[in-house]
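Listed below, chain by chain, are the residues.
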Amino acid sequence: MIALACCATPAVAQGKVKNGGEPPAVAALHVCEKFASGDVLAVENAMALGWEAYAQNAESPYVQSFGGSREFPNLGRADMFSLFETYPETTFGYCRIDMIDVSGDGLAAFQSILDLGSYVGDTTTTDDNHYASLMGKDDSSRQLLAHWADGSLVMQLSIVRPRPKTP
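Residues numbered from 1 in each chain as written. Predicted model: local features only at pLDDT ≥ 70, side-chain atom pairs only at ≥ 80, totals over all residues. Heavy atoms only, no water.

With that out of the way, let us pick up the overall build of the protein. Helix and strand content of the protein: three helices and nine strands. Reading the protein from its N end, one meets helices and strands in the order β-α-α-β-β-β-β-α-β-β-β-β. With 167 residues in all, the protein has 43% of them scored as buried. If you sum the accessible surface of the protein, you get close to 9100 Å²; carbon and sulfur atoms cover 53% of it. (Helix = DSSP H or I, 4+ residues; strand = E, 2+ residues; numbered from the N terminus. Buried < 20%, exposed > 50% of the residue type's maximum accessible area, 1.4 Å probe, protein only. Areas by Shrake-Rupley, 256 points an atom, 1.4 Å probe, with all protein chains shown as cover.)

Structure below.
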């Protein structure tokens, strides 16, 4: 395994960012973070950023689930699934982004997640497939798995936190 600190190929330098915006994979991750953290405005905020986002039918009052998709120029379609579960003393948020059949530079997109700097951990490469197992640099409740393999970029974010006490 290679330590994350060894990774440095800025996507900005590779021309993957338009007009000072963030790289597409980073933008997708930021949307995912909103859903997995239980942000009540996650759907509206995602829609404002060009996502077709929606709440799905809940299986219980303790589970909220969401879906969405967005087309990213120079990368392709991103599909998102998220859920937010409430337990007696904790909350569990999960969000997965799948970019299947990436049309652009998927390795640069994967690298942009590593270059973000807000997640630390391990990376490994096997048979030209790239994998990362990360946690939030300043928030260990955030766990992120990402990979660039077989033409697809996948990110899975989990956030487990103590449930806020209600008065």
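The residue V160 is located in strand 9 (residues 152-162) in this model. Placed 66 residues apart in sequence, V160 and Y94 show a C-alpha to C-alpha distance of 8.8 Å. Apart from the residues lying within four places of it in its own chain, the contact partners of V160 are T91, F92 and S141. (Contact = heavy atoms within 4.5 Å.)

Our focus in this paragraph is the state of the cysteines. Throughout the structure, instances matching the rule amount to one disulfide. The partner cysteine of C32 in its disulfide is C95, sulfur to sulfur 2.0 Å. Given an S-S torsion of about -105°, the disulfide between C32 and C95 has left-handed geometry. With C32 in helix 1 (residues 24-36) and C95 in strand 5 (residues 90-99), this pair connects stretches of sequence that are 63 residues apart. (Disulfide = S-S within 2.5 Å.)

Judged from the six bridges that link them, strand 7 (residues 129-136) and strand 8 (residues 142-149) form a sheet pairing that is antiparallel. Its bridge partner lying in strand 8, Y131 is registered against H147. Between strand 7 and strand 8, which pair antiparallel in sequence order, lie five residues. Relative to strand 9, strand 8 is paired through eight bridges, and the arrangement is antiparallel. Counterpart to A149 in the pairing with strand 9 is S152. (Pairing = 2+ DSSP bridges.)

Side chains three or four residues apart in an α-helix point the same way, a direct result of the helix having 3.6 residues per turn. The buried fraction of helix 3 (residues 106-115) is high, at eight of 10 residues. On its buried face, helix 3 sits against helix 1, strand 6 (119-126), strand 7, strand 8 and strand 9. Where helix 3 begins, the side chain of D105 points an oxygen toward the backbone nitrogen of L107, at a separation of 3.3 Å. Looking one or two places after helix 3, you find G117, whose phi comes out positive at around 85°. (Polar contact = N/O pair within 3.5 Å; in protein donor to acceptor, adjacent residues only side chain to side chain.)

This part covers the pairing of strand 2 (residues 52-60). Of the pairings in the sheet, the one linking strand 2 to strand 3 (residues 63-72) comprises six bridges and is antiparallel in character. Across the sheet, residue A55 finds its bridge partner in strand 3, namely F66. Between the end of strand 2 and the start of strand 3, which pair antiparallel, lie two residues.

What follows concerns the packing of helix 1 against helix 3. Where helix 1 contacts helix 3, the two axes come as close as 7 Å, and the packing angle between them is 55°. On the basis of the axis angle, helix 1 is oblique to helix 3. Across from A25, V26 and L29 in helix 1, the residues of helix 3 making contact are A109, S112 and I113. Counted by class, the contact of helix 1 with helix 3 contains five nonpolar, one polar and no charged residues. (Axes fitted to C-alpha atoms, helices over the stretch in contact; angles between N-to-C directions. Parallel < 35°, antiparallel > 145°, perpendicular 65-115°, else oblique. Nonpolar A, V, L, I, M, F, W, Y, C, P; charged D, E, K, R; others polar.)

Here we take up the nonpolar core. If you look at the biggest cluster of nonpolar residues, it comprises 37 residues, and the most contacted ones within it are F35, W51, I97 and M99. Per element, the largest residue contribution to this core is nine residues, and it comes from helix 1. Once residues lying within four places of it in the same chain are set aside, the contact partners of M99 are P24, A25, A28, F72, L75, R77, A78, G151, S152 and L153. (Core = buried A, V, L, I, M, F, W, Y, C linked by side-chain atoms within 4.5 Å.)

Another point: the environment of S65. Inspection of the secondary structure puts S65 in strand 3. The buried category is assigned to S65, whose relative accessible area is 11%. Separated by 30 residues in sequence, S65 and C95 place their C-alpha atoms 9.5 Å apart. Discounting residues that sit within four places of it in the chain, S65 has contacts with Y54, A55, Q56, N57, F81, S82 and L83.

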